[in-house]
Amino acid sequence: MFHKLTQKIDNHLHFDHVDAHCDIPCGIYDPHQAIIGALTVIRMVDLIDDFVKTHDKVETAEFINSMSRYVAVKEEHAELTKHEIRVIWGDFMKTPHTEEYPQLNELVHKIMQLGSKARQSVDRETSVALLQAVNEFAEIFWQIKGIKTKRVKAPYSVSEEIVVPEL
Amino acid sequence: MLLKFYKIRGHSLHPDFKDGDYVLAAGFPLPINKIRVGDVIVFHQPGLGTLIKRVQTVLNGGSAFDVRGTQINSTDSRDYGPVTREAIKGKVIWHIHKP
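Residues numbered from 1 in each chain as written. Chains lettered and ligands numbered in written order. Predicted model: local features only at pLDDT ≥ 70, side-chain atom pairs only at ≥ 80, totals over all residues. Heavy atoms only, no water.

Chemist: Sorry, what's going on with the environment of A:Leu167 here?
Modeler: Within the element layout of this structure, A:Leu167 appears in the segment after β3 (161-165). When the C-alpha atoms of A:Leu167 and A:Lys148 are compared, they prove to be 7.9 Å apart, with 19 residues separating the residues in sequence. (Helix = DSSP H or I, 4+ residues; strand = E, 2+ residues; numbered from the N terminus.)

Next up, the structure:
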């Protein structure tokens, strides 16, 4: 009752905020880079697949060079995705969030595993599953921030659905 | 101002004080409003703004205070050192919990 009453007064008088910060209070977190990372993994899997199908001679320097680059970028972006999720989960998300979203810890663990699997393999299904799990994480993140989201087709060479905030 | 309401933003005092709770802080001059270990204070920290933390240790006879949050990664005196008496805006005397 007191909280409701105080909130009403606050709506008129606008009380100052007092910050109970954790970590460095930069306040800048966004799962967008994780989504870009997961999309890039899918793109690299597609490129690797196409490249193998369109090249008969796999022992040329050109083939090995290009293939190495695709694999390196896939490795890097799978790891980037894992890193970005770890930072948001570890620094931004707190106990109240894991209480409100009991699936959160399991979801983060799933993203870590899918990220590793995406590095190990060139399986498109795995990389799409990684993106879907990151999308789910992004929806929870924006819900915590009180910002609505929508799913749109990515405007890139990989046109899978991604979660974006309605700003 | 002697009495002032604040709204809490953040989780570093969770579960004692939660995001969205309100507190009433009394800025009565010391020693009438003496600050003791366990009290929760509102203070100004340069670069970080107005913060709220719990007093863990009273230093130098009450001229400075070592403050802590409840989380492992709370930003508190472990990062910015003791809070001086001059930086204190008030001591929390009423906590209004968010339902």
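Chemist: Which parts of the structure should I look at to understand the pattern of salt bridges?
Modeler: Once their charged atoms are close, side chains differing in charge can pair, the charge on each being opposite to the other. All names here are of chain A. Per the counting criterion, the structure on display carries 13 salt bridges over all chains. The partner of Arg119 in a salt bridge is Glu79, and the shortest N-O contact between them spans 2.6 Å. With a gap of 40 residues between them, Arg119 in helix α5 (residues 104-120) and Glu79 in helix α3 (residues 61-92) connect regions that are remote in the sequence. The exposure class assigned to Arg119 is partly exposed, which follows from its relative accessible area of 31%. For Glu79, a relative accessible area of 26% puts it in the partly exposed group. With a shortest N-O distance of 3.0 Å, Arg151 and Glu139 are connected by a salt bridge. On the criterion of sequence distance, the pair formed by Arg151 in strand β2 (residues 149-153) and Glu139 in helix α6 (residues 124-144) is long-range, its members being twelve residues apart. Judged by its relative accessible area of 37%, Arg151 is partly exposed. Assessed through its relative accessible area of 22%, Glu139 is described here as partly exposed. (Salt bridge = Lys/Arg side-chain N within 4 Å of Asp/Glu carboxyl O. Buried < 20%, exposed > 50% of the residue type's maximum accessible area, 1.4 Å probe, protein only.)

Chemist: Looking at this structure, how should I read the layout of surface pockets?
Modeler: A probe as big as a water molecule, rolled over the atoms, marks out the empty space that is left. By volume, the second largest pocket amounts to about 160 Å³. What lines the second largest pocket is A:Pro96, A:Glu99, B:His11, B:His14, B:Lys18, B:Asp19 and B:Lys98. (1 Å grid on protein atoms, 1.4 Å probe; cavity = no way out; pocket = protein on both sides within 12 Å on 5 of 7 lines; lining within 4 Å. Points joined across faces, edges and corners; volume = space filled by probe spheres on them.)

Chemist: Just checking my understanding: could you explain the interface of chain B and chain A for this structure?
Modeler: Frequently, the measure chosen for interface size is the accessible area removed from exposure when the parts meet. Counting residues at the interface gives 29 residues for chain B and 23 residues for chain A. Carbon and sulfur atoms make up 58% of the surface buried where chain B meets chain A, a total of about 2300 Å² over both sides. Taken together, chain B and chain A are joined by two salt bridges. Counting every contact that joins chain B to chain A gives 13 residue pairs in polar contact (both at pLDDT 80 or more). Those elements giving two or more residues to the side of chain B that touches chain A turn out to be β1 (3-10), β4 (49-59) and β7 (88-96) of chain B. Here the element with the most residues in the side of chain B that touches chain A is β1(B); it accounts for seven residues. Looking at side-chain class alone, the side of chain B that touches chain A contains twelve nonpolar, eleven polar and six charged residues. For strand β1 (residues 16-20) of chain A and β1(B), the ladder comprises five bridges, and the chain directions are parallel. Looking at β1(B), one finds that A:Asp19 is bridged to B:Arg9. (Contact = heavy atoms within 4.5 Å. Buried area = accessible area lost by both parts, 1.4 Å probe. Polar contact = N/O pair within 3.5 Å; in protein donor to acceptor, adjacent residues only side chain to side chain. Nonpolar A, V, L, I, M, F, W, Y, C, P; charged D, E, K, R; others polar. Pairing = 2+ DSSP bridges.)

Chemist: When you look at the packing of α5(A) against α6(A) in this model, what are you seeing that I'm missing?
Modeler: Packed helices, taken two at a time, are described by the angle between their axes plus the distance between the axes. Residues and elements named next belong to chain A. Contact pair α5 / α6: the axes reach a minimum separation of 9 Å and the direction vectors enclose 150°. Between α5 and α6, the crossing angle belongs to the class labelled roughly antiparallel. When the axes of α5 and α6 are compared, the crossing they make is left-handed. When α5 is examined against α6, the residues Leu104, Leu107, Val108, Ile111, Leu114, Gly115, Lys117 and Ala118 are found in contact with a partner set consisting of Thr126, Ala129, Leu130, Ala133, Val134, Glu136, Phe137 and Ile140. When the residues that make up the contact of α5 with α6 are grouped by side-chain class, the tally is twelve nonpolar, two polar and two charged. (Axes fitted to C-alpha atoms, helices over the stretch in contact; angles between N-to-C directions. Parallel < 35°, antiparallel > 145°, perpendicular 65-115°, else oblique. Left-handed = near helix turned anticlockwise from the far one by under 90°.)

Chemist: Could you clarify how one ought to interpret the side chain of A:His3 in this entry?
Modeler: Mapped onto the secondary structure, A:His3 falls in helix α1 (residues 2-13). Reaching out from A:His3, the side chain makes a polar contact with the backbone oxygen of B:Gly20 at a distance of 2.8 Å. Beyond its immediate chain neighbours, meaning those up to four positions away, A:His3 contacts B:Gly20, B:Asp21, B:Tyr22, B:Ile96, B:His97, B:Lys98 and B:Pro99.

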